[in-house]
Amino acid sequence: MEICCLLLILFGFSSAEDYYYTSIGQMTQLLYTEKDLLALLDKYIDAEQKKLDQMKRLAQKLANLSTFTVEDPKIVLGHPLNSFVFLKRLNRTWSELENLLFTDVSEEFVYNLRVRMKNFPDEVDQTGVAEALLRLQDTYKLDTDTLAKGDLPGTSRLLSTLTAEDCFFLSMVAYETLDFYHTVLWLSQALRQLEQGETPGTVNAVTILDYLSYSLYKQGDLERASEFTKQLLKIEPQNQRALDNLKYFDFHLEKQKTGQETPEPLKTGRATSNPVYERLCRGESLELTPRRQSRLFCRYHDNHGHPSLLIGPVKEEELWDQPRIVRYYDVANNDDTEIIKKLAKPRLMRSKVRDEKTNKILAIPSRISQNAWLGDFEYTVVDKLAKRMGDITGLDTSTAEMMQISDVPAGGATVFPRAGAVAWPIKGSAVFWYNLQLNGKGDYLTQHAACPVLVGSKWVANTWLHERGQEFRRRCGLQSSI
């Protein structure tokens with residue numbers, strides 16, 4: 001059995017249904033929704049202003065008449081015409097003012113606001129994007145100050161930086177999951193920004209210091225927990241919680257100093273789920289020996305004189321030798337990529353995985369991409385690209401799966417942790433490898449994963465070419481070599 005995989009990197013921006021924080025495309029739609037609401041808000045404000053201006057004119061008119069009347073009521077009201085006008089004013093003009101007051105010019109705006117807000121992000125999205133920032137911080141080893149300032153590679157248009165309040169929110173997301181490592185990092189950043197003169201918002205130094213000292217205690221750092229508690233008490237000397245905590249911290253510190261208590265090991269870092277994966281995402285790939293490096297070539301590839309490639313061969317670059325991973329450049333042009341994106345957008349759904357215990361298909365926090373399925377029988381451009389894949393690889397694409405739907409400023413690589421290889425996203429190129437060896441056994445070195453996009457977004461189209469139909473194109477053998 002032979003299965004090969006073609007990973008076609010089509011465009012250069014990220015993508016991903018369930019939550020807004022997983023998709024730049026969906027957030028872009030929200031941006032235009034906000035723009036529409038702002039236009040409606042301006043319209044509402046203008047209507048309210050016109051209403052107020054009309055009320056001002058009526059009020060001025062009433063004030064002028066009232067002032068004239070009260071100067072000498074008996075003489076003024078003694079004239080029958082003045083009495084008529086005065087009673088009419090009370091009966092009609094004030095009723096007109098009352099009607100104007102209760103005229104609701106906000107009805108259209110409120111209706112549109114309520115309709116659109118049903119599709120606005122919620123707390124799940126807010127928490128999700130915070131957790132995504134923490135993952136990016138770990139994967140790419142970003143310090144809190146760099147991330148808070150938005151000083152990331154490939155960025156140019158930064159609207160704002162993180163406030164102390166934002167940093168506190170990130171720390172609380174970590175705190176809720178008992179992730180005291182990140183809690184301390186972001187509480188420290190929030191405190192540092194306040195000490196540098198940032199105007200406090202809804203969070204103050206006392207609250208930050210309270211959480212910070214407790215989180216340090218949970219990390220086993222009693223000494224720093226005591227220090228920050230003392231700092232809190234300088235601000236609020238009568239804070240009973242802080243006074244009690246300080247007694248507790250100092251009591252255990254004293255027992256540790258006298259040898260009556262063994263200090264807990266400081267938890268200064270976090271346990272990474274896959275450190276090899278994170279190193280590869282940062283570009284720290286396995287260093288090839290000179291001999292292995294000498295086996296890698298770049299060449300023009302025509303698939304042994306294939307008619308479609310004789311005049312225009314593709315540029316082939318060997319990225320890795322074991323397993324053999326190659327990149328083909330300029331497989332898809334700009335028009336192809338835009339059409340594929342346009343076709344895929346309405347079908348994008350949150351990528352899901354099968355739960356081994358329940359056998360149910362679920363969305364999980366660690367996989368926030370989206371995908372759509374495009375059949376070559378449905379669209380000309382998909383059929384064209386499928387045939388081009390067959391021409392380049394020499395494989396039969398008739399049994400291939402439907403296509404699943406890039407220059408990225410930072411991040412977004414495809415990595416092979418078992419092999420130590422990295423393939424960076426390059427617009428219009430295709431990365432190809434076999435995940436079965438010639439003898440039909442799976443090549444586990446081809447297990448791969450996508451790195452989080454640090455800046456920008458990424459569109460990728462993959463096609464899985466199955467072993468069926470390849471009997472005379474890539475024959476099975478007794479050896480594992482491919």
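Report follows, based on the coordinates.

## Details of the nonpolar core
- Tyr140, Trp186, Ile208, Leu212, Val415, Cys451 and Leu454 are the most contacted members of the largest nonpolar core, which has 46 residues in total.
- Per-element tally for this core: the top contributor is helix 7 (residues 164–176), with seven residues.
- Setting aside anything within four residues of it in sequence, one finds Trp186 in contact with Leu134, Gln137, Thr144, Leu147, Ala148, Leu162, Cys167, Leu170 and Ser171.
- Grouped together as the second largest cluster of nonpolar side chains are eleven residues, Leu288, Trp320, Ala421 and Ala423 included.

## Considering the sheet that holds strand 15 (residues 449–450)
- Strand order in this open sheet of three strands is 13-12-15, and the pairing throughout is antiparallel. Among the strands making up the open sheet, the edge pair consists of strand 13 (421–423) and strand 15.
- Of the strand pairs in this sheet, strand 12 (residues 414–416) and strand 13 are connected by three bridges, and their pairing is antiparallel. Residue pairing across strands places Phe416 opposite Ala421, the latter belonging to strand 13.

## Regarding the packing of aromatic side chains
- According to the stated counting rule, one finds twelve aromatic pairs in the structure shown.
- Considering the side-chain rings of Phe180 and Tyr214, the 6.3 Å spacing of their centres and the 80° angle between planes classify their relative orientation as edge-to-face. Remark: Tyr214 occurs in helix 9 (residues 205–218) and Phe180 occurs in helix 8 (residues 180–195); sequence separation between them is 34 residues.
- Judged by its relative accessible area of 11%, Phe180 is buried.
- Residues Tyr217 and Tyr248 carry aromatic rings whose centres are separated by 5.7 Å and whose planes lie at 85° to one another, so their mutual orientation is edge-to-face. One end of the pair, Tyr217, is in helix 9; the other, Tyr248, is in helix 11 (residues 240–257), and 31 residues separate them in sequence.
- Given a relative accessible area of 26%, Tyr217 falls into the partly exposed group.
- Among the residues examined, Tyr248 registers a relative accessible area of 38% and is labelled partly exposed.
- Connected via pairs of aromatic rings, a cluster forms that spans Phe168, Tyr175, Phe180, Tyr211, Tyr214, Tyr217, Tyr248 and Phe249.

## Regarding the environment of Gly412
- Along the polypeptide, Gly412 turns up in the loop between strand 11 (410–411) and strand 12.
- Residue class for Gly412 comes out buried when judged on its relative accessible area of 1%.
- C-alpha separation for the pair Gly412 and Pro452, spaced 40 residues apart in sequence, amounts to 5.2 Å.
- Aside from chain neighbours lying at most four places away, what touches Gly412 is Tyr140, Pro425, Cys451, Pro452, Val453 and Lys458.

## Topic: unusual backbone geometry
- Here the amide bond leading from Gln322 into Pro323 is cis, since omega sits at 0°, within 30 degrees of zero.
- Checked against the element boundaries, Pro323 lands in the loop between strand 3 (314–320) and strand 4 (325–328).
- Positive phi outside glycine occurs at Asp330, with the angle close to 55°.

## Regarding the pattern of salt bridges
- By the definition in use, this model includes twelve salt bridges.
- Arg224 is the partner of Asp221 in a salt bridge, and the nearest nitrogen-oxygen pair spans 3.9 Å.
- Taking relative accessible area as the criterion, Arg224 reaches 33% and is therefore assigned partly exposed.
- Taking the shortest distance from any N to any O, the salt bridge between Arg324 and Glu318 comes out at 3.1 Å.
- On the basis of relative accessibility, which here comes to 12%, the residue Glu318 falls in the buried class.

## Examining helix 9
- Counted at 1.5 Å a residue, the expected span for helix 9 with its 14 residues is 20 Å, and the 20 Å between its end C-alpha atoms agrees.
- Looking only at helix 9, the buried set comprises Val206, Ile208, Leu209, Leu212, Ser213, Ser215 and Leu216.
- Against helix 7, helix 8, helix 10 (222–235) and helix 11 lie the buried residues of helix 9.
- Measuring from the backbone nitrogen of Val206 back to the side-chain oxygen at the start of helix 9 gives 3.2 Å, which picks out Asn204 as the cap.

## Topic: the packing of helix 9 against helix 10
- The contact between helix 9 and helix 10 brings their axes to 8 Å, and the two run at 165°. Judged by the angle between their axes, helix 9 and helix 10 are roughly antiparallel. Relative to helix 10, the crossing made by helix 9 is left-handed. Residues Ala205, Val206, Leu209, Asp210, Leu212, Ser213, Leu216 and Tyr217 of helix 9 lie in contact with helix 10, whose contacting residues are Leu222, Arg224, Ala225, Phe228, Thr229, Gln231, Leu232 and Ile235.

## Digging into a nonpolar patch on the surface
- Together, Leu87, Leu90 and Trp94 give the surface a local cluster of nonpolar side chains, amounting to about 320 Å² of exposed area.
- Within the secondary structure layout, Trp94 lies in helix 3 (residues 80–101).

## Notes on the pairing of strand 4
- Burial of strand 4 is two-sided: the residues Ile325 and Arg327 facing one way and the residues Val326 and Tyr328 facing the other way are all buried.
- Bridge count between strand 3 and strand 4: four bridges; the pairing is antiparallel. Bridged to Glu317 within strand 4 is Arg327.
- Here strand 3 folds back onto strand 4 in antiparallel fashion, the turn holding four residues.
- Here strand 4 runs beside strand 14 (residues 430–434); their pairing, made up of three bridges, is antiparallel. Its bridge partner being in strand 14, Arg327 is matched across the sheet by Val431.

## With respect to the pairing of strand 14
- Of all five residues in strand 14, five are buried, a share of seventy percent or more.
- Side chains Ala430, Phe432 and Tyr434 project from strand 14 onto one buried face, and the interleaved Val431 and Trp433 project onto a second face that is buried too.

## A few points about the environment of Lys255
- In this structure, Lys255 sits in helix 11.
- A relative accessible area of 24% places Lys255 in the partly exposed class.
- Residues contacting Lys255, with those up to four places away along its chain left out, are Gln260 and Glu261.

About the thresholds
Residues numbered from 1 in each chain as written. Predicted model: local features only at pLDDT ≥ 70, side-chain atom pairs only at ≥ 80, totals over all residues. Heavy atoms only, no water. Core = buried A, V, L, I, M, F, W, Y, C linked by side-chain atoms within 4.5 Å. Buried < 20%, exposed > 50% of the residue type's maximum accessible area, 1.4 Å probe, protein only. Helix = DSSP H or I, 4+ residues; strand = E, 2+ residues; numbered from the N terminus. Contact = heavy atoms within 4.5 Å. Pairing = 2+ DSSP bridges. Phe/Tyr/Trp six-rings, centres within 6.5 Å; stacked < 30°, edge-to-face > 60°. Salt bridge = Lys/Arg side-chain N within 4 Å of Asp/Glu carboxyl O. Expected span 1.5 Å × (residues − 1). Polar contact = N/O pair within 3.5 Å; in protein donor to acceptor, adjacent residues only side chain to side chain. Axes fitted to C-alpha atoms, helices over the stretch in contact; angles between N-to-C directions. Parallel < 35°, antiparallel > 145°, perpendicular 65-115°, else oblique. Left-handed = near helix turned anticlockwise from the far one by under 90°. Patch = residues over 30% accessible without salt bridge, like charges linked within 9 Å, V, L, I, M, F, W, Y side chains within 5 Å. Areas by Shrake-Rupley, 256 points an atom, 1.4 Å probe, with all protein chains shown as cover.

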